[in-house]
Structure formats: C-alpha cells, structure tokens
Amino acid sequence: MNLKSYLNLYQLLEVDNSTKEQRRSFGLTQILLAHKPVNQLLAWLDFHTSKLHKPLISETFTSYLYGISLVLVIVGFLAGLVSGLALLNYNGHAPVNVIYFIVMVIALPLLTMTLTLFSMFRAHHTQSVLIHLSPSYWMEKIVSLLPHKIQENLQNLKINPLLANWIVIKRSQLIALFFSIGLLLSLLLVVATKDIAFAWSTTLHIDARSFHNFLNTLAFPWRTWFPSAVPSLELIEQSQYFRLGDRLSEEMIRNASKLGEWWKFLAFATLFYAIILRFFMYLLSVLGLGMAVKKSFLSLKGVDILLRDMNEPIITTNAQESVKKNETTLQGTLQTVQKLDASYDMVVGWAMSKEQLHVLNDSMQVITPLVYDVGGTNTLEEDAEIIHKSHGEVLLYVKAWEPPTMDFMDYLEALVKSVDKVVVVPVGTQEEHYNAEMKFVTIWARKLALFKSEKVWLKR
C-alpha cells in the first residue's frame, strides 16, 4: 500500500460502474479478507486495474513528484556543502569560530525537527491560522511547478489534505538529511585539505569551564565510546578567541597545532544531531505517510459503498405471499417448498456464471460443496459431464423472466435420472433482491407440473 495504490483506487472509483452483485461476488471470493477493509480494497484494485486508462494518474503524479524531489535533494545537498565551506573558510589570519558551525549542525536541526514534530501533530488539520506552516500548502505549490500540460491532466485530482501534509513532511526530511550530509562532507574535505585553526568566541560572558560543561552535555551520545571527540577543558581554554586589533593572543599561537582537534567534536555533532536524528525523523515520516495512505484509502469517495456492497449479503425473502393464493391449484401436480434448506449436495445455475451463483447462495443463505453453471455457452458434452457428477439433492437456479426452453427441459429430464431431488428456484434481478414476480413463477410452475415427477420441486 503506497501513494500509487491510493491514486489508482481514486482513479478506479471515478470510472467504476460495477453492480452490487459483481461487488458481492468479489467479496465472496475474498472471504479471508472480510474484516480487513484495506486489504479488500487492494485486492479489488488489483483485480480491476486493467480498467484504468493510460497514462495512469499515479504514474504521472509520482513521476513528476519524484523528479521535483530529486532536484530539491540535489539542491539541498549542494546548499549544505556550500554552507559548510563558507562556515569553515579559513584565510590563515583569524581562526574559524566553531560557534557558527555548532549552531548550524546542532541548534538549527533541533529547531527544524521540533517544527517538524509540530507539523506531524498538526498534519490532520486541513486549515491552520499559520497557513504557510501547513505542509499541504506547500504541496499545492509543488503541484503548481509542474508543466502546464501535466497540471491539466491532474486538474481533477483531489488529494486528501492529510496525505498531502505527510508527502511534504517526508520530502522535507529527506532534503534536510542530504543538506546535513553536505555539511559533514564539507567538514571532512576542509579538514583533509587544510590545516585549520579552530577557536570559539562570543560576546556573551561565558567562561571556559561553563562552555566545557555545555559541550560535554552535548557530547553525551558518543563521549563514552569516543572520549577524544569531546573537547577538553584545556583545549577550550587555549582556543578561546578575543579579537582585538586583528591580533591573536600569544597563547593561541603557541598552541596552534592543538586547535585543529576541534574537528572531531564537530564531526560527531554533525553525525549525531544533523544526520542520525534526522534519519530517525525521516523514518517517522515514512511511518506517518503509510498511516496517512491507509486512512486516506478509507476516506475516498465511494469506498464506504464499495465495502458495504462487498461485505453485506443481498437480502431476499424465502416466500412470496402473493403466490400463496395459487398454491392449491398446482399443489396436486407439483410439489413446492416455501423455504430452502440450509445446505444442498450441489447447486447448479442455468445460463448463469459461477460468480452469480456464489452471490445467490450468499443471498439465499445456502451452503454447498459443489457449484456448476450449465446451459448458456456450455456444450452438450459439458452439461452431460456435470449431470454425471450430480447426486443427492440439487438446487437449480433459473432466471424467472426467461420461460423454460426445450433445452432446459431436456437437461432437467436427464438430471432427474441421476439425483434424488431437484429444487428449481426462479430468481429475479439483483434490483428486485432476487425475488421473482408472481406471473413468472406461475409460468414455471405450469411448465414443471408437466413432469409429474416426485423428484422435481419448485421454490414458491
């Protein structure tokens, strides 16, 4: 289940003209999914995908969304790389202030991840006072970037705002992740190709010991395993930079070889706060997008009706009061039943598909181990083979509005010789809930009465 599945189902529901009988028949073939609505929808989609016109909306939308995302990821990576090179620019006269880089790889990621969490919690709201913080707002902007021809193809597409929010959230985390990778790469490149002197300087009144405690706290994820990646108090004291008159303190000059040790802390800070934490945020956004797709599946227009048609039996009555008045006139020549048994040895349908027969059995609340379709497009040899397999009590469905033909009478005559009992059930249309009109039942009753066989029964 993914965004493509959602868009394909959206497109299918727009063009689907299946009947309730067809949907119920499909539901009966997927009985193991009866209590799994999303799986039912996916199975329905898989079965009817061929009905969709090419190019699929899902292919068009996801293709361009992927293209835009790829461009933004590359831009994000390059922006991170350039930003890192700018922050670490060293001219040999003044040291590189680590405060700037710490803000970029720790403070900024924590701030943006906090805003992301806020967006995740607010993702189910379609409107917000701060509309420009809504991911769905930016989703509309992304769609507006598509070529005009593509926008025309997608002009009727209405993506659930919840889903749109999570699409943007996931993409934003991916872009931010590659921005951070660019920062780390720039740090490693600069450290490997230059002899950089790092220092720290701030207008705030912070002494070396307080700054050491602060950095030691920030380094708690790796300080136990990589103690060398935590600046010592001595290093912090030696690298504190006071810029007065473009001159460095003599102490910094004497310890210039030690000032480069800062890179280990900066690298681990970037790796943990900007990359590892961001990666977990990305995984969280992937999980959230999956949940949003699932919820959006069930909120699509037409899904409720589709699921109801697949899971609810088409109710029919077992008797018609209007027929009872004629019962006495035919009772002597034709045996009738008003209520079907719960099970039969075999169910046969004359000129009906097996899918229709399964729906009829479900509607009549009849169970059977064997279901066959006869007549219609079957050959005489195929019908004869089914008669050969027939035994016990057989339930025979017929279309009430179609009068008995000679082919049917010949089949019934041959069937009676192989079984103990045949119950003929004239059925109406699905719109009539399979209840046959009285005039049609009367025609069938008169025709079947000519058999004068105790094995032939008619469902009234």
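Numbers given for residues are sequential positions, taken from 1 along each chain in its written order. Residues qualify for local features only when their pLDDT is at least 70, as the model is predicted, and side-chain atom pairs are given and counted only at 80 or more; totals for whole chains, interfaces and linings, by contrast, use all residues. Hydrogens and water molecules were not included; the side-chain quantities draw on all heavy atoms of the structure.

A few words on the overall build of the protein. For the protein, the count of helices and strands is 18 helices and 8 strands. Burial analysis of the protein (460 residues in total) assigns 46% to the buried set. When the accessible surface of the protein is totalled, it reaches about 25,000 Å², and 59% of it is carbon and sulfur. By definition, any uninterrupted DSSP run of H or I lasting at least four residues is a helix, any uninterrupted run of E lasting at least two residues is a strand, and each is numbered from the N terminus. Throughout, exposure labels follow a simple rule: accessible area from a 1.4 Å probe, protein chains only, divided by the maximum for the residue type, with under 20% read as buried, over 50% as exposed, and the rest as partly exposed. What sets the accessible areas is the Shrake-Rupley method with a 1.4 Å probe; for residues, cover comes only from the shown protein chains.

Here we come to the sheet that holds strand 4 (residues 346-350). For two strands to be treated as a pair, DSSP must find at least two bridges joining them. Pairing within the open sheet is parallel, and its 6 strands lie in the order 3-8-7-6-4-5. Each edge of the sheet is formed by a strand with only one pairing partner; in this case those strands are strand 3 (335-337) and strand 5 (371-374). On average, each strand axis in the sheet is inclined to that of its neighbour by 25°, with strand direction left out of account. Judged from the 7 bridges that link them, strand 6 (residues 393-399) and strand 7 (residues 421-427) form a sheet pairing that is parallel. Bridge pairing in strand 7 links Val 394 to Val 422. Throughout, an axis means a line fitted to C-alpha atoms (over the contacting stretch in the case of helices), and angles, computed between N-to-C directions, take values from 0 to 180 degrees.

Turning next to the packing of aromatic side chains. A pair of aromatic rings is counted whenever rings of Phe, Tyr or Trp (Trp by its six-membered ring) have centres within 6.5 Å, and the orientation is called stacked for planes under 30 degrees apart, edge-to-face for over 60 and tilted otherwise. The full count for this structure, using the stated rule, is 17 aromatic pairs. Ring centres of Phe 211 and Phe 214 lie 6.4 Å apart, and the angle between their planes is 20°; this geometry places the pair in the stacked category. With Phe 211 and Phe 214 both in helix 9 (residues 208-218), this residue pair falls 3 residues apart, about one helical turn. With centroids separated by 5.9 Å and ring planes inclined at 55°, the aromatic side chains of Trp 222 and Phe 265 adopt a geometry described as tilted. Taken as a pair, Trp 222 in the loop between helix 9 and helix 10 (233-238) and Phe 265 in helix 12 (residues 262-299) lie far apart in primary sequence, 43 residues in all. Here the two residues Trp 222 and Phe 265 agree in accessibility, since each one is buried. Members of the aromatic cluster, each reached through a chain of ring pairs, are Trp 200, Phe 211, Phe 214, Trp 222, Phe 226, Trp 262, Phe 265, Phe 268, Phe 272 and Tyr 273. Directly above the aromatic system of Trp 457 lies the positively charged group of Lys 421, at a separation of 4.4 Å from the ring centroid. Counted as over-ring charges are cases with an Arg CZ or a Lys NZ within 6 Å of the ring centre that also lie within 35 degrees of the ring normal.

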